[in-house]
Amino acid sequence: MATIRMRNTNKRLTQEQEVKSFLDEQGVLYEHWDMEKLPNDLHDNFTLSDEKKEEILSLFDSEIRSLANRRGYEEWDIVALSDATPNLDELLKKFEQVHVHTEDEVRAITAGNGIFTIKGDSGYFDVELSAGDVISVPVNIPHFFTLMENRQVVAVRLFIDASGWVAHLYDDPDFKS
Ligand SMILES: [Fe+2]
């Protein structure tokens, strides 16, 4: 279940209904997939072989296709990050810069955790994600993604056009790290 933290006030939203309605008001898609479908070894495996990645994609094929049909995604893949990822610290430094994209950024977390920091109507807020959470940051909304303390995540990414999925840095005086 995702939870929200307002960065200005430190206020938290932890009830499913309030999280959903807040994200809905901000235009952020939020859904949930049933992670009980995953076999045990995939709940905490963050160094996935190509075969394991394919296994996750086929387990969630109907959920992926439902999203793709509704929202026009054409391609999908799996990203896995952990301390076993070469240069994780450098990668995170790069991630943690506010940016925008010309298409929405969709992630379905299948293991571990992550945070999307997103610019909302009244300042930036953090969405803390865990396995089963599916989120999409709208086009041109300033945001960034990073890991939580456990520094591990597996997520399905969906793209309209993966080759056009580029981060455009957004220098925002309103953002306080
Ligand atoms: Fe992004």
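Here the structure is a predicted model, which is why all the values come from computation and not from measurement. (Residues numbered from 1 in each chain as written. Predicted model: local features only at pLDDT ≥ 70, side-chain atom pairs only at ≥ 80, totals over all residues.)

### Description of unusual backbone geometry
Here comes step 1: Located in the positive-phi region is Asn-140, a residue other than glycine, with phi close to 65 degrees.
Here comes step 2: Structurally, Asn-140 is set in the loop between strand S8 (133-137) and strand S9 (143-146).
Here comes step 3: Residue Asn-140 is classed as partly exposed on the basis of its 13 C-beta neighbours within 10 Å.
Here comes step 4: In this model, Arg-151 sits at a positive phi of 50 degrees, which is unusual for a non-glycine residue. (Helix = DSSP H or I, 4+ residues; strand = E, 2+ residues; numbered from the N terminus. Buried ≥ 20, exposed ≤ 12 C-beta atoms within 10 Å, placed from the backbone.)

### Comments concerning the UniProt feature "site: May play a role in transmitting local conformational changes" (unreviewed entry) in the protein chain
Here comes step 1: In this numbering, the UniProt entry assigns the feature "site: May play a role in transmitting local conformational changes" (unreviewed entry) to Asp-104.
Here comes step 2: Here Asp-104 is to be found in the loop between strand S5 (99-100) and strand S6 (105-120). (UniProt positions renumbered as here; feature names shortened; annotations may be inferred.)

### Remarks on the nonpolar core
Here comes step 1: Counting residues in each nonpolar core, the largest one holds 36 residues, and the members touching the most others are Phe-116, Ile-118, Val-127, Ile-135 and Leu-158.
Here comes step 2: Mapped onto this core, the elements with two or more residues apiece are helix H1 (16-25), helix H3 (61-71), strand S4 (75-81), S6, strand S7 (123-130), S8, S9 and strand S10 (153-159).
Here comes step 3: Apart from the residues within four sequence positions on either side, Val-127 is in contact with Ala-2, Ile-4, Ile-115, Phe-116, Ile-118 and Ile-135. (Core = buried A, V, L, I, M, F, W, Y, C linked by C-beta atoms within 7 Å. Contact = placed C-beta atoms within 7 Å.)

### Some thoughts on the UniProt feature "binding site: Fe(2+)" (unreviewed entry) in the protein chain
Here comes step 1: With numbering aligned to this structure, UniProt lists the feature "binding site: Fe(2+)" (unreviewed entry) at His-99, His-101, Glu-105 and His-143. What stands out for the annotated residues spanning 45 residues is how close their C-alpha atoms remain, the widest pair being 11.3 Å apart.
Here comes step 2: Structurally, Glu-105 can be placed in strand S6.
Here comes step 3: Setting aside chain neighbours within four positions, we find Glu-105 in contact with Ser-136 and Val-137.
Here comes step 4: Structurally, His-143 is set in strand S9.

### Focus on the environment of Trp-76
Here comes step 1: Within the fold, Trp-76 resides in strand S4.
Here comes step 2: Considered as a pair, Trp-76 and Ile-64 are 12 residues apart in the sequence and their alpha carbons are 8.2 Å apart.
Here comes step 3: What Trp-76 contacts, discounting residues up to four positions off in sequence, is Leu-57, Ile-64, Val-156, Arg-157 and Leu-158.

### As for the environment of Glu-25
Here comes step 1: Locating Glu-25 in the fold gives a position in helix H1.
Here comes step 2: Of the residues examined, Glu-25 has 10 C-beta atoms within 10 Å and is grouped as exposed.
Here comes step 3: Residues Glu-25 and Lys-52, 27 residues apart in the sequence, show an inter-C-alpha distance of 36 Å.

### Re the environment of Ile-4
Here comes step 1: Relative to the assigned elements, Ile-4 resides in strand S1 (residues 3-6).
Here comes step 2: Separated by 16 residues in the primary sequence, Ile-4 and Lys-20 have C-alpha atoms spaced 9.9 Å apart.
Here comes step 3: Contacts of Ile-4, omitting those with residues within four sequence positions, involve Arg-12, Leu-13, Val-19, Phe-22, Phe-125, Asp-126 and Val-127.

### What to know about the pairing of S7
Here comes step 1: As paired strands, S1 and S7 are joined by four bridges and run antiparallel to one another. Among the inter-strand pairings, Ile-4 is bridged to a residue of S7, identified as Val-127.
Here comes step 2: Linking S6 to S7, which pair antiparallel, is a turn of two residues. (Pairing = 2+ DSSP bridges.)

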